[in-house]
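Spelled out, the chains give:
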Amino acid sequence: ESVDALREAKAAGQDVTGEVTAHHLLLEDKDVQGPMWKMNPPLRSHEDRMALIEGLESGALDFIANDHAPHTEEEKNQPMDKAPFGIVSLETAFPLLYTEFVKGGRWSLEQLVHWMSTAPARRFGLEDTGDILPGYRADLVLVDENRPGIIDKTTFLSRGKNTPFDKWPTACTIVETVCEGRTVWRDTETEKKGS
């Protein structure tokens, strides 16, 4: 219903924006196994998940947001009605979406990068970010597309370890993060290889 409302508003010329999270593109209500899957909005049906994917592809939704919501394991490991909403996603969103949609053949790498970087930068008027161009800030995430990985919450730099994706395989590995031209994080395996 929200995707339809956004589509109608855009067709009427209204200045509206909609986003979707990686977890809502990947998970459904049937996947819920406990408080680690508690998020707001909650996970919905397969039909709703497909409507989100199609809404992103058609332009009704504009980009993919992380909605990074770190909580301690103690906070999340409570009865469902007492556990806080949200999951971490900064360290999982790109590899999971790349695996499911790019390697799965539904999207191109360019589409995924556009929805996670270029489109939000443009929408929020961040004029010197979102693309790799002369004069732009060098804010980059380097990915090894030939190195499969596993989501392992014990390796997260975030203090939050609350993810339903722990132990999920990925078709790529994030190897370096660059902020304003300076490496701020580098994968230890990459460092060992000296590459």
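Residues numbered from 1 in each chain as written. Predicted model: local features only at pLDDT ≥ 70, side-chain atom pairs only at ≥ 80, totals over all residues. Heavy atoms only, no water.

Draft legend 1. Representation of the overall build of the protein chain in the model. Counting secondary structure elements, the protein chain contains 7 helices and 7 strands. N-terminal to C-terminal, the α/β element order of the protein chain is α-β-α-α-β-α-α-α-β-β-β-β-β-α. Compactness check: the protein chain gives a C-alpha radius of gyration of 17 Å against a globular reference of 16 Å for 195 residues, within 12% of the reference. The C-alpha extent of the protein chain, read off along each of the three principal axes, is 50 × 45 × 30 Å. Within the protein chain, the fraction of its 195 residues that count as buried is 41%. In the protein chain, the 22 positive side-chain charges and the 34 negative ones have mean positions that sit 4 Å from each other. (Helix = DSSP H or I, 4+ residues; strand = E, 2+ residues; numbered from the N terminus. Rg over C-alpha atoms; globule rule 2.2 N^0.38 Å. Buried < 20%, exposed > 50% of the residue type's maximum accessible area, 1.4 Å probe, protein only. Lys, Arg positive; Asp, Glu negative; His and termini not counted. Charge placed at Lys NZ, Arg CZ, Asp CG, Glu CD.)

Draft legend 2. How the structure looks around the packing of aromatic side chains. As enumerated under the stated definition, the model contains 5 aromatic pairs in all. On the basis of an interplanar angle of 65° and a centroid distance of 5.9 Å, the ring pair of Phe 63 and Phe 124 is categorised as edge-to-face. Pair noted here: Phe 63 is in strand E2 (residues 63-65) and Phe 124 is in the loop between helix H6 (109-123) and strand E3 (140-144), with a separation of 61 residues, a long-range link. Given the relative accessible area of 57%, Phe 124 is considered exposed. The interplanar angle of 25° and the centroid separation of 6.0 Å between the aromatic rings of Phe 94 and Tyr 98 together place this pair among those described as stacked. (Phe/Tyr/Trp six-rings, centres within 6.5 Å; stacked < 30°, edge-to-face > 60°.)

Draft legend 3. Summary view of the side chain of Ser 89. By the secondary structure assignment, Ser 89 is in the loop between helix H4 (73-76) and helix H5 (93-102). Apart from residues no more than four positions distant in its own chain, Ser 89 is found in contact with Asn 66, Asp 67 and His 68. (Contact = heavy atoms within 4.5 Å.)

Draft legend 4. Broad picture of the packing of H5 against H6. H6 packs onto H5 with a crossing angle of 145° between their chain directions and a minimal axis gap of 10 Å. The hand of the H5/H6 crossing is right-handed. Contacts from Ala 93, Phe 94, Leu 97, Tyr 98 and Val 102 in H5 reach Leu 109, Leu 112 and Met 116 in H6. Taken together, the residues of the contact of H5 with H6 break down into 8 nonpolar, no polar and no charged. (Axes fitted to C-alpha atoms, helices over the stretch in contact; angles between N-to-C directions. Left-handed = near helix turned anticlockwise from the far one by under 90°. Nonpolar A, V, L, I, M, F, W, Y, C, P; charged D, E, K, R; others polar.)

Draft legend 5. The nonpolar core, seen in detail. Counting residues in each nonpolar core, the largest one holds 35 residues, and the members touching the most others are Leu 25, Leu 56, Ile 64, Leu 97, Trp 107 and Leu 112. The set of elements that each furnish at least two residues to this core consists of helix H1 (2-11), helix H2 (22-26), helix H3 (46-58), H5 and H6. No other element matches the 7 residues that H5 contributes to this core. Excluding its chain neighbours within four sequence positions, the residues that come into contact with Leu 112 are Ile 64, Phe 94, Leu 97, Tyr 98, Val 102 and Trp 107. (Core = buried A, V, L, I, M, F, W, Y, C linked by side-chain atoms within 4.5 Å.)

Draft legend 6. Main features of a negative patch on the surface. A surface patch of negative charge is lined by Glu 1, Asp 29, Glu 47 and Asp 48. Here Glu 1 shows up in the segment before H1. (Patch = residues over 30% accessible without salt bridge, like charges linked within 9 Å, V, L, I, M, F, W, Y side chains within 5 Å. Areas by Shrake-Rupley, 256 points an atom, 1.4 Å probe, with all protein chains shown as cover. Salt bridge = Lys/Arg side-chain N within 4 Å of Asp/Glu carboxyl O.)

Draft legend 7. Highlighting the environment of Ala 93. Assignment of secondary structure puts Ala 93 in helix H5. Exposure remark for Ala 93: the relative accessible area of 2% places this residue in the buried category. On a C-alpha basis, the gap between Ala 93 and Met 116 in space is 9.3 Å, while along the polypeptide they are 23 residues apart. Look past the residues within four positions of Ala 93 in its chain and what remains in contact with it is Ala 22, Asn 66 and Met 116.

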